[in-house]
Amino acid sequence: MQYPIPASLPKGDVDPGKPPILHIDIPDDASAWAAEHHQALRTLVAEHGAVLIRGLHLRDADQAGAVLHRLAPALMTDKEAFAPRQIYTPGVYSSSTWPPNQPMCMHHELSYTHRPPGLMLFACLTAPATGGATAIADAPTVLEALPTELVQRFEREGWLLTRTYNDEIGAPYAEAFGTDDRTAIEDYCRTNAIAFAWQADGSLRTRQRRPAVTAHPVTGRRCWFNQIAFLNAWTIEPEIREYLIDVYGADGLPFNTRFGGGDPIGQDIIQLLNDTYTAHTTREPWQAGDLMLVDNVRTAHSREAFEGPREVLVAMAEPLRLPEYPPSAEVSAG
């Protein structure tokens, strides 16, 4: 089955269970091709929510970075990251550090920030031996599949993210905020409606409330847009969750999510959210040299478990502005 694409681009295919794939063969100057076709590619992303470009022959971080900068000249700086990343060039990062045998379930990148990216860019330099796909799911479809009562509650309350930044698990606060200056971090938190408290052991705890459903900035379609399931404690492997609670306490987990009013989210709800994503997931295994563009509002993405080396570069662009949402409560200092 073929889909219509701009005349300046070769034909692509859409198969059930896979994202749209654009087959090309650009063995030499991939960045020049990207500069010539970036508007047409953006049109494809707007139409389909994502597009995988196969045949750019991306070989190293410098070449891939040049392509990413041509596709989105104003790349964003990663702020409030939940896990460490390596910086290749300004705005171009490694994938988040996460155990290979544990999947990263569906989410919308940085949806807990006030300025999340509208566009995600992924460049695969090394494909894993097995698994490791960056799978995707259509957010309006997921929203329609969820129980109406649950959606209405999240629309009323939003969702709450609680975090504890330390130097052992996840991104330390100096890396997440780009500075170890406590005054600068506090100013950032106040500006971005994040309640915070420094703990006696030097760690930082925060709470931030964000909308769970948002309108697409172009189409206006309602999208399930959040990281409620991904950052919830019930999504963590049971043995790891029990260990973290034993060591840090239930209130000291590196991240957890709640209803916007502060009530805990049950395991049954998290399972429902993840099952709904699974029912609407499409995937295509990475091949070395692939590039994928993803509309971060319309399309959730995941990272599946894998074996073998995997190197996928990430960039973010087109920052959005979410509605103001004050945190539901202050954070206590320990």
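Since we're looking at a predicted model, the values are computed, not measured.

J.: Go over unusual backbone geometry with me, naming the residues and quoting the values.
T.: A negative phi angle characterises most non-glycine residues, just as the trans form characterises most peptide bonds. Look at histidine 57: it is not a glycine, yet its phi comes out positive at around 55 degrees. Secondary-structure assignment places histidine 57 in the loop between strand S3 (50–54) and helix H2 (61–71). At glutamate 80, a residue that is not glycine, the phi angle is positive and equals roughly 65 degrees. Taking the relative accessible area as the measure of exposure, glutamate 80 reaches 0% and is therefore buried.

J.: Can you break down H2 residue by residue, with the values?
T.: In an α-helix, one turn spans 3.6 residues, which is why side chains three or four residues apart end up on the same side. Where H2 is concerned, the buried positions are Ala61, Gln63, Ala64, Gly65, Val67, Leu68 and Leu71. Structurally, H2 contributes buried residues whose contacts are with helix H1 (30–48), strand S4 (87–89), strand S5 (92–94), strand S7 (117–126), strand S17 (291–295) and strand S20 (311–319). Two or three places before aspartate 62, at the start of H2, stands the capping residue aspartate 60, its side-chain oxygen 3.2 Å from that residue's backbone nitrogen.

J.: Describe the packing of aromatic side chains, listing the residues and the values that go with them.
T.: Tallying each qualifying case throughout the model produces 10 aromatic pairs. A centroid spacing of 5.6 Å and a plane angle of 80 degrees characterise the contact between phenylalanine 82 and tryptophan 98, whose relative ring orientation is edge-to-face. In this pair, phenylalanine 82 is assigned in the loop between H2 and S4 and tryptophan 98 in the loop between S5 and strand S6 (104–107), connecting sequence segments 16 residues apart. Taking the relative accessible area as the measure of exposure, phenylalanine 82 reaches 5% and is therefore buried. Ring centres 5.1 Å apart and planes at 80 degrees place the aromatic pair tyrosine 173 and tryptophan 198 in the edge-to-face group. Remark: tryptophan 198 occurs in strand S11 (residues 194–198) and tyrosine 173 occurs in helix H5 (residues 173–177); sequence separation between them is 25 residues.

J.: Report on the sheet that holds S11, specifying residues and quantitative values.
T.: What holds strands together in a sheet is hydrogen bonding between their backbones, with the strands either parallel or antiparallel. The strand order S11-S12-S10-S15 describes an open sheet built from four strands, whose pairing is antiparallel. Two strands in the sheet have a free side with no partner beyond their single neighbour: S11 and strand S15 (255–259). In this sheet, adjacent strand axes meet at a mean angle of 15 degrees when their direction is disregarded. Inspection of the sheet shows S11 paired to strand S12 (residues 204–210) by five bridges, in the antiparallel sense.

J.: Run through the sheet that holds strand S18 (residues 299–303), naming residues and quoting values.
T.: Strand order in the open sheet formed by four strands is S6-S18-S9-S16, and the pairing between neighbours is antiparallel. Every interior strand has two partners, whereas the edge strands, S6 and strand S16 (281–282), have only one. For S6 and S18, the ladder comprises two bridges, and the chain directions are antiparallel. Within the sheet, the bridge partner assigned to methionine 104 lies in S18 and is arginine 303.

J.: Give me the lowdown on the pairing of S20, citing residues and values where you can.
T.: Bridge count between S5 and S20: three bridges; the pairing is antiparallel. Within S20, the residue paired with valine 92 across the bridge is alanine 315. Sheet analysis places S7 next to S20, joined by eight bridges and oriented antiparallel. Its bridge partner lying in S20, cysteine 124 is registered against valine 312.

J.: I'd love a proper account of the pattern of salt bridges, names of residues and values included.
T.: Within the structure shown, the criterion is met by 13 salt bridges. The shortest N-O distance in the salt bridge between arginine 153 and glutamate 157 comes to 3.0 Å. Placement of both arginine 153 and glutamate 157 in helix H4 (residues 148–157) is noted, with a separation of four residues, approximately one turn of the helix. Sharing partners across several salt bridges, the network here consists of Lys18, Arg54, Glu284 and Asp290.

Rules of the game
- Residues numbered from 1 in each chain as written.
- Predicted model: local features only at pLDDT ≥ 70, side-chain atom pairs only at ≥ 80, totals over all residues.
- Heavy atoms only, no water.
- Helix = DSSP H or I, 4+ residues; strand = E, 2+ residues; numbered from the N terminus.
- Buried < 20%, exposed > 50% of the residue type's maximum accessible area, 1.4 Å probe, protein only.
- Contact = heavy atoms within 4.5 Å.
- Polar contact = N/O pair within 3.5 Å; in protein donor to acceptor, adjacent residues only side chain to side chain.
- Phe/Tyr/Trp six-rings, centres within 6.5 Å; stacked < 30°, edge-to-face > 60°.
- Pairing = 2+ DSSP bridges.
- Axes fitted to C-alpha atoms, helices over the stretch in contact; angles between N-to-C directions.
- Salt bridge = Lys/Arg side-chain N within 4 Å of Asp/Glu carboxyl O.

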